[in-house]
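Overview (structure and organization)
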Amino acid sequence: MNSITKVVAVSFYALLLSIFVIGCSNEANSSAVKEHSGENELEVDTLRYSGSTGQVTYWELAEDLGYLEPLKLEWTGNSTSGPENIQATVSNSIDFGGAFNGAILKLKEAGAPITAVIGYYGSDEQTYSGYYVLEDSPIKEAKDLIGKKIGVNTLGAHHEFAIVEFLRREGLTEEEIEQVNLVVIPPASGEQALRSGQLDATTLGGVIQDKALERGGIRPLFKDTDLFGSFTAGSLVFRDDFIKKNPKTVAKFVEGTAKAIEWAKVTPVEEVRERMKKIIEKRNRNEDTELIPYWKSTGIESQGGQILEKEFQVWIDWLENDGFLEKGKLSPKEVYTNEFNPYVKE
């Protein structure tokens, strides 16, 4: 286990303990929702969630398309990382959250009562995460990263997994990998930090990446798709108690989000972008729409975001090999369910 990962493990379990304590104290303070008793009515009216500045999530798109009616969404603020998002879900600060599947596994293994219900982001030929250096940087290969700083949005998630996997495949020893420094920085600040010399390399993805490439002066060392091909990387989770108490609400949410994902896949790109732009303009969150013209695809491999067993198994294997998971302790079926997704064929 490398030193980067050891630090993440210690802080992760300490934070988890505080999350469970907070979650218990917040149990009576769930979202400001109205409960129903009618047979065909949803159990609650509203779901709380965290958003992303200048971007439109597929559940927000679903609401705008009318796919969630009569269910409503309540935005509680923005988050910059998946682990933060699912930790807020466990603590009952929000009703659902999304993260990289490896981060979900670590939280689940630590005892968090959560279940993944739908995939919501991933990588394909058009939408992926790249790991960049300046055009004139002396960094040409993995060994050149020893002693250098790489910007990531959070530790213990998608980008750390990809970077460590790249370094291992390129032949670095665990001792050498320990000398590669991961620096946490907001996604929108990575490009500037790279260009100013604060970082030697940085992670760029999606529309932020495209904008940086348009400005020029940077080049990729590798992409996550070079390592894993096209794959759905992250899922949305609910607390198990919430699912048990509100199955109709969860089903409506998953159905609507799945339909929005498919709508975005089959609708002309310009029409999707225009819809997203209008959503941002309507929601009045003091943000701009400059990232929207760079949206290209969902990056979600499966139809309707249904979760595939391999999308968790690959990270279970990775975590077992790294000493995070006891071999055989977790299986994919214990972590996710497709029971609410209408695109799943029996």
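First things first, this report covers the structure right here in the doc. All values reported here derive from a predicted model rather than from experimental measurement.

Overview of the overall build of the protein
Secondary structure summary: the protein contains 13 helices and 10 strands in total. Taking all 346 residues of the protein together, the buried fraction comes to 56%. Within the protein, counting contacts between residues at least 6 apart in sequence, those at least 24 apart form 79% of the total. Working note: accessible area of the protein is about 15,200 Å², and carbon and sulfur atoms make up 50% of it.

Overview of helix α2 (residues 58-65)
Among the eight residues that make up α2, six are buried, leaving the element largely enclosed by the rest of the structure. Considered for burial, the residues of α2 that qualify are Tyr-58, Trp-59, Glu-60, Leu-61, Ala-62 and Leu-65. Among the residues trailing α2, Gly-66 stands out with phi positive, at a value near 85°.

Some words on the sheet that holds strand β10 (residues 231-239)
In space, the three strands of this open sheet follow the order β3-β10-β4, with antiparallel pairing throughout. Looking at the sheet topology across the chains shown, the edges are occupied by β3 (96-100) and β4 (114-123). Mean inter-strand twist for the sheet, computed between neighbouring axes without regard to direction, equals 30°. Pairing geometry for β4 and β10, over eight bridges, is antiparallel. From the neighbouring strand, Tyr-121 faces β10, where its bridge partner is Gly-234. Lying on the sheet, helix α4 (residues 101-109) is in contact with β3, β4 and β10; it crosses β3 at an angle near 115°.

Describing unusual backbone geometry
The omega torsion across Glu-69 and Pro-70 is 10°, close enough to zero to call that bond cis. Positive phi is not limited to glycine here, since Asn-92 has a value of about 70°. Summarising the element assignment, Asn-92 is placed in the loop between α3 (82-90) and β3. Exposure remark for Asn-92: the relative accessible area of 3% places this residue in the buried category. A positive phi angle is found at Asn-286, which is not glycine, with a value near 60°.

Regarding the nonpolar core
As a rule of thumb, soluble globular proteins bury nonpolar side chains together. If you look at the biggest cluster of nonpolar residues, it comprises 47 residues, and the most contacted ones within it are Leu-47, Leu-61, Phe-96, Phe-238 and Phe-253. Going through the elements one at a time, β1 (46-51), α2, β4, α8 (206-215), β10, α10 (240-245), α11 (247-266) and α12 (269-283) are the ones with two or more residues in this core. No other element matches the eight residues that α11 contributes to this core. Sequence-distant contacts of Leu-61, that is, excluding residues within four places in its chain, are made with Val-56, Ala-260, Trp-263, Ala-264, Arg-275 and Ile-279.

A closer look at the sheet that holds strand β9 (residues 218-223)
What the five strands build is an open sheet, ordered β7-β6-β8-β5-β9; its pairing is mixed. Where the open sheet ends on each side, the last strands, each with one partner, are β7 (181-184) and β9. The sheet shows a mean angle of 35° between the axes of neighbouring strands, direction not considered. Bridge count for strand β6 (residues 149-152) against strand β8 (residues 201-205) is two bridges, and the pairing is parallel. Counterpart to Gly-151 in the pairing with β8 is Thr-202. Running at roughly 65° to strand β5 (residues 129-134), helix α5 (residues 158-169) makes contact with β5, β6, β7, β8 and β9 of the sheet. Packed on one face of the sheet, α8 meets β5, β8 and β9 and runs near 115° to β8.

Overview of the side chain of Glu-191
Within the fold, Glu-191 resides in helix α7 (residues 190-195). At a separation of 2.8 Å, a polar atom in the side chain of Glu-191 contacts the side chain of Arg-195. Apart from the residues lying within four places of it in its own chain, the contact partners of Glu-191 are Thr-202, Leu-204, Ala-212 and Arg-215.

Cut-off values and rules
- Residues numbered from 1 in each chain as written.
- Predicted model: local features only at pLDDT ≥ 70, side-chain atom pairs only at ≥ 80, totals over all residues.
- Heavy atoms only, no water.
- Helix = DSSP H or I, 4+ residues; strand = E, 2+ residues; numbered from the N terminus.
- Buried < 20%, exposed > 50% of the residue type's maximum accessible area, 1.4 Å probe, protein only.
- Contact = heavy atoms within 4.5 Å.
- Areas by Shrake-Rupley, 256 points an atom, 1.4 Å probe, with all protein chains shown as cover.
- Pairing = 2+ DSSP bridges.
- Axes fitted to C-alpha atoms, helices over the stretch in contact; angles between N-to-C directions.
- Core = buried A, V, L, I, M, F, W, Y, C linked by side-chain atoms within 4.5 Å.
- Polar contact = N/O pair within 3.5 Å; in protein donor to acceptor, adjacent residues only side chain to side chain.

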